[in-house]
Amino acid sequence: MKVAFAGTPDFAASALQAILDAGFDVPLILTQPDRPGGRGMQLQPSPVKQVALHHGLRVEQPEKLRTEEQQAALREVAPDVLVVAAYGLILPQAVLDLPRFGCVNIHASLLPRWRGAAPIHRAIEAGDAETGITLMQMDAGLDTGAMLVRETLPITAEETCGGLHDKLAALGARMIVDLLPRIALVEVAPAPQPEEGVTYAHKISKAEAALDFRRTAVELERRIRAFDPFPGCSASLREVSIKIRRAHLAEGQGEPGQVLSATDDGIVVACDEGALRFAELQKPGGKRLPAAEFLRGFPVEAGERFALPD
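So, here's what we can say about the structure. Computed from a predicted model, the values in this text were never measured in an experiment. (Residues numbered from 1 in each chain as written. Predicted model: local features only at pLDDT ≥ 70, side-chain atom pairs only at ≥ 80, totals over all residues. Heavy atoms only, no water.)

## Considerations on a nonpolar patch on the surface
Moving on, step 1. On the surface, a nonpolar cluster with roughly 260 Å² of combined accessible area is contributed by Leu-142, Val-198 and Tyr-200.
Moving on, step 2. Among the structural elements, Tyr-200 can be located in strand S11 (residues 200-201).
Moving on, step 3. A residue is classified by how much of its surface remains accessible, and Tyr-200, at 39% relative accessible area, is partly exposed. (Patch = residues over 30% accessible without salt bridge, like charges linked within 9 Å, V, L, I, M, F, W, Y side chains within 5 Å. Areas by Shrake-Rupley, 256 points an atom, 1.4 Å probe, with all protein chains shown as cover. Salt bridge = Lys/Arg side-chain N within 4 Å of Asp/Glu carboxyl O. Helix = DSSP H or I, 4+ residues; strand = E, 2+ residues; numbered from the N terminus. Buried < 20%, exposed > 50% of the residue type's maximum accessible area, 1.4 Å probe, protein only.)

This is the structure:
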């Protein structure tokens, strides 16, 4: 069984590594073109490309997959199935129809909830009690294809996007390896997604990262966890943009953004409803620091006020 693979970030690299470890024939890897990164902004290969090169596999990096020329490599290897995980490119119908068993997507949510670009972030932000992985037979819609298999994963009260990402990546890697032999034996019956319960996980915007203390403490605490490590929530004090890396619900009330106390235990800031205790913070160009260490280099006094975004 020839398994072509299309993916780009770490989430996809975990699945590719598992497929290779399981001994599948992988004649072609599709991943996005190298992008500038790091301090020198040098071109960096994607995590998927790094895995592929380590194993000496063929890699193609088309900007799009619209033309016959861009699709030529995939047609040449004639895969039985194309596994897709966070690839970042839209697959036209011609590509979807090419593999004998179609294209299977590893999606990090319990479809039809959280279709779209940022399902892990949005599940935490919304306060969902659970999420999971859906392996889906791809069609031309946005994560609308028939479901092949789903597994759930609880979201703990302290869960961050980074931690949940790693758990889901491992789950998706295991599930795709279990599914591939069953596809070849035609043992899986695709099930249409329910029409009820559809939500969309829209891409994270930069504006969302700025904490608006006119929201409730519960909302902001979830968002801080949902945006950790990327893009990271920020709050401005004395015109310095500070990343808030870890926060807990706290007692207290005041004007939104007002500092109620600043001790080694954390900086307590009033929200529209309730308050937050900032336990880990990061100055521009600095490291993540516990509140006690942060305050030694950036003293904060009760009564000061974090700025409210426009």
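## Side note on the side chain of Gln-71
Moving on, step 1. Note on placement: Gln-71 falls in helix H3 (residues 68-77).
Moving on, step 2. Reaching out from Gln-71, the side chain makes a polar contact with the backbone oxygen of Leu-65 at a distance of 2.8 Å.
Moving on, step 3. Each residue touching Gln-71, except ones within four places of it in the same chain, is listed here: Leu-65, Arg-66, Pro-92, Ala-94 and Val-95. (Polar contact = N/O pair within 3.5 Å; in protein donor to acceptor, adjacent residues only side chain to side chain. Contact = heavy atoms within 4.5 Å.)

## Re the environment of Glu-195
Moving on, step 1. By the element assignment, Glu-195 lies in the loop between helix H6 (161-184) and S11.
Moving on, step 2. On the basis of relative accessible area, Glu-195 is assigned to the exposed category, the value being 79%.
Moving on, step 3. In this structure the C-alpha to C-alpha distance between Glu-195 and Pro-284, which are 89 residues apart in sequence, comes to 45 Å.

## Notes on the sheet that holds strand S9 (residues 130-137)
Moving on, step 1. Strand order across the open sheet formed by seven strands is S5-S2-S1-S6-S7-S9-S10, with mixed pairing between neighbours. Bordering the open sheet on either side are strand S5 (59-60) and strand S10 (147-154), each of which pairs with just one other strand.
Moving on, step 2. Where strand S2 (residues 29-30) and S5 come together, two bridges link them in parallel fashion. The residue of S5 that forms the bridge with Leu-30 is Glu-60. (Pairing = 2+ DSSP bridges.)

## Regarding the nonpolar core
Moving on, step 1. Within the largest apolar cluster, 76 residues are counted, with the highest numbers of intra-cluster contacts made by Phe-5, Ile-19, Ile-176 and Phe-278.
Moving on, step 2. Element by element, the count of residues in this core is highest for H6, at twelve residues.
Moving on, step 3. The contacts of Phe-278, once residues within four sequence positions are left out, are Leu-211, Phe-213, Ile-244, Arg-246, Ala-247, Gly-266, Ile-267, Val-269, Ala-291 and Phe-306.
Moving on, step 4. Among the nonpolar cores identified, the runner-up in size contains 16 residues, and Ala-73, Leu-74, Leu-91 and Cys-103 belong to it. (Core = buried A, V, L, I, M, F, W, Y, C linked by side-chain atoms within 4.5 Å.)

## Side note on the side chain of Arg-245
Moving on, step 1. Following the sequence through the fold, Arg-245 ends up in strand S13 (residues 240-250).
Moving on, step 2. Within polar-contact distance, the side chain of Arg-245 engages the side chain of Gln-282 at 2.8 Å.
Moving on, step 3. In this structure, Arg-245 is in contact with Ile-224, Asp-228, Pro-229, Gly-232, Glu-280, Leu-281, Gln-282 and Arg-288, ignoring residues within four places of it in sequence.

## Comments concerning helix H2 (residues 47-54)
Moving on, step 1. All of the buried residues in H2 are Val-48, Lys-49, Val-51 and Ala-52. Around the axis of H2, the buried residues are gathered within 160° of arc, so they sit on the same side.
Moving on, step 2. Immediately downstream of H2, the backbone of Gly-56 shows phi near 70°, a positive value. (Arc of directions from axis to C-beta.)

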